[in-house]
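In case you want the letters, here they are:
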Amino acid sequence: MDFYPRQFGIVLKNARMDRKLTQAELAEILDISLSYLKDLEGFRNNPSLEMFVRVMRYFNLSADTVVYPEKEVDNSTRSQLERLLTRCDDGQLGVLLATAEALLSQSPAQDSSESGKNSADSGESSSKSK
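Here is a short report on the structure shown in this document.

Criteria and cut-off values
Residues numbered from 1 in each chain as written. Predicted model: local features only at pLDDT ≥ 70, side-chain atom pairs only at ≥ 80, totals over all residues. Heavy atoms only, no water. Helix = DSSP H or I, 4+ residues; strand = E, 2+ residues; numbered from the N terminus. Buried < 20%, exposed > 50% of the residue type's maximum accessible area, 1.4 Å probe, protein only. Contact = heavy atoms within 4.5 Å. Areas by Shrake-Rupley, 256 points an atom, 1.4 Å probe, with all protein chains shown as cover. Salt bridge = Lys/Arg side-chain N within 4 Å of Asp/Glu carboxyl O.

## Considerations on the overall build of the protein
A count of helical and extended segments in the protein gives eight helices and zero strands. Secondary structure of the protein in N-to-C order comes out as α-α-α-α-α-α-α-α. A buried classification covers 21% of the 130 residues belonging to the protein. Restricting to contacts in the protein with at least 6 residues of sequence separation, those with at least 24 account for 49%. With the model as given, the accessible surface of the protein reaches about 9,300 Å², and the carbon-plus-sulfur share is 53%.

Given below as structure tokens:
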């Protein structure tokens, strides 16, 4: 498999600019030299696997943006959230689940959750009548 530093550099620079970070700020965050970051963004150097993963995780990006540049990558909110969930431990997942449930219980759009609740209620009443 070929790896093209140009694609990584483009993704890195765009992600940095989206977060409104300077090169110096990002170099400090990633714990690399400013010149190395400039080389990565300027297509003059390939990242190590460790650096590649660190950048993808810091910016919560799919590696597909670099590995398969011709493919349109889904960076929707749902996809970003799914990538973040893989990094959570069980305790963090529990907090997120409780938060999502609380948000949804306050949401005016409860159509699907209400219908699910009604079917659960009817199951309860049929089991109670037995």
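## Here we look at the pattern of salt bridges
Counted by the stated rule, this structure contains three salt bridges. As a salt-bridge pair, aspartate 39 and arginine 44 come within 3.1 Å of each other at their nearest N and O atoms. The class for arginine 44 is exposed, based on a relative accessible area of 56%. In this structure, glutamate 50 engages arginine 54 in a salt bridge whose closest nitrogen and oxygen atoms are separated by 2.9 Å.

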